[in-house]
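Here is what each chain is made of, one letter per residue.
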Amino acid sequence: SSEVGTSSRNASSNTGGGFKPRGRLSSPVKRARKKSKKDPDAPKHPMSAFLYYLTSERPRLADQLSDMSIGQQTKVIAKRWKSLDESDRAPWEKLAKHDKDRYARERREY
């Protein structure tokens, strides 16, 4: 480099004529919200039809899927769930509806 007192690295990366902005150029850092404490007496949220299906199928398929991780097992079971028609899903949909009604009732009482 022909400039006196600068290394070649500084000369090639210097695009602002020696001006270096201080601080961040983006918006100010937002502080994380404090997580509110969960009330242990609050009613539990309802389970979805898929979760009911998952909890019934995972133990039944444990031998076939034993070489897979839990995440991989869930993906396999999710594919099966998506391939079910409405009549095959009905028992789990019914359980989910009852659980949703239970949750609504408990929320009113809470």
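As a reminder, the structure under discussion sits directly above these lines.
First, a word on what this report is: a plain description of the structure on this page. (Residues numbered from 1 in each chain as written. Predicted model: local features only at pLDDT ≥ 70, side-chain atom pairs only at ≥ 80, totals over all residues. Heavy atoms only, no water.)

1. Things to note about the overall build of the protein chain
Test applied: Helix and strand definitions follow DSSP, with helices as H or I runs of at least four residues and strands as E runs of at least two, each counted in order from the N terminus. We call a residue buried when its accessible area falls under 20% of the maximum for its residue type, exposed when it is over 50%, and partly exposed in between, using a 1.4 Å probe and counting protein chains only. By definition, residues are in contact when any of their heavy atoms lie within 4.5 Å. All accessible-area figures derive from a Shrake-Rupley calculation using a 1.4 Å probe, and residue coverage is judged against the displayed protein chains alone.
Regarding its fold elements, the protein chain presents four helices and zero strands. Residue burial in the protein chain is summarised as follows: out of 110 residues, 15% are buried. For the protein chain, long-range pairs separated by at least 24 residues make up 63% of all intrachain contacts whose partners lie at least 6 apart in sequence. Accessible surface for the protein chain amounts to roughly 10000 Å². Of this, 52% is attributable to carbon and sulfur atoms.

2. Comments concerning the pattern of salt bridges
What counts, and what does not: Here a salt bridge means any side-chain nitrogen of Lys or Arg lying within 4 Å of a carboxyl oxygen belonging to Asp or Glu.
One pass over the full model with this rule turns up four salt bridges. Of the charged contacts, one joins Arg 60 and Glu 57 as a salt bridge, the two residues approaching to 2.6 Å between their closest N and O atoms. Taken as a pair, Arg 60 and Glu 57 lie in helix α2 (residues 49–60) at a separation of three residues, close to a single helical turn. Classification of Arg 60 by relative accessible area gives exposed; the value is 56%. The exposure class assigned to Glu 57 is buried, which follows from its relative accessible area of 8%. Salt-bridge contacts for Asp 101 lead to Lys 97; the nearest nitrogen and oxygen are separated by 3.3 Å. With Asp 101 and Lys 97 both in helix α4 (residues 86–109) and four residues apart, the pair spans about one turn of that helix. The class of Lys 97 is exposed, set by a relative accessible area of 51%.

3. Let's talk about the side chain of Gln 73
Convention followed: Counted as a polar contact is a pair of N or O atoms within 3.5 Å, where, for protein atoms, one must be capable of donating a hydrogen and the other of accepting one, and residues adjacent in sequence contribute only when both atoms are in side chains.
Considering the arrangement of structural elements, one finds Gln 73 in helix α3 (residues 70–83). Looking at Gln 73, its side chain comes within polar contact range of the side chain of Arg 58, at 3.4 Å. Beyond its immediate chain neighbours, meaning those up to four positions away, Gln 73 contacts Arg 58, Leu 65 and Met 68.

4. What to know about a negative patch on the surface
This is how the line gets drawn: Patch definition: residues with relative accessible area over 30% and no salt bridge; like charges joined within 9 Å; nonpolar side chains (Val, Leu, Ile, Met, Phe, Trp, Tyr) joined within 5 Å. None of His or the chain ends enter the tally, which takes Lys and Arg as positive and Asp and Glu as negative. For this purpose, a charge sits on NZ of Lys, CZ of Arg, CG of Asp or CD of Glu.
Side chains of Asp 85, Glu 86, Asp 88 and Glu 93 sit close together on the surface and give a patch of like negative charge. Structurally, the position occupied by Glu 93 is in helix α4. Of the residues examined, Glu 93 reaches a relative accessible area of 39% and is grouped as partly exposed.

5. Observations regarding the nonpolar core
Here is the rule we go by: The set of buried Ala, Val, Leu, Ile, Met, Phe, Trp, Tyr and Cys residues whose side-chain atoms join them within 4.5 Å is what this entry labels a nonpolar core.
In terms of nonpolar packing, the biggest core is built from 10 residues, these being Ala 49, Tyr 52, Tyr 53, Leu 54, Leu 61, Leu 65, Ile 77, Trp 81, Trp 92 and Ala 96. Put simply, the parts of the chain that give this core at least two residues each are α2, α3 and α4. Each residue touching Tyr 52, except ones within four places of it in the same chain, is listed here: Met 47, Trp 92, Leu 95, Ala 96 and Asp 99.

6. Describing the packing of aromatic side chains
Keep this limit in mind: Between rings of Phe, Tyr and Trp, where Trp is taken as its six-membered ring, a pair exists when centres lie within 6.5 Å; planes separated by under 30 degrees are stacked, by over 60 edge-to-face, and by other angles tilted.
What the rule picks out here adds up to three aromatic pairs. Plain terms: the ring middles of Tyr 53 and Trp 81 are 5.1 Å apart, the flat faces sit at 45 degrees to each other, and that makes the pair tilted. Separated by 28 residues along the polypeptide, Tyr 53 in helix α2 and Trp 81 in helix α3 bring together distant segments of the chain. Here Tyr 53 falls in the buried class, since its relative accessible area comes to 5%. Taking the relative accessible area as the measure of exposure, Trp 81 reaches 9% and is therefore buried. Joined through ring pairs, the aromatic side chains of Phe 50, Tyr 53, Trp 81 and Trp 92 make up one cluster.

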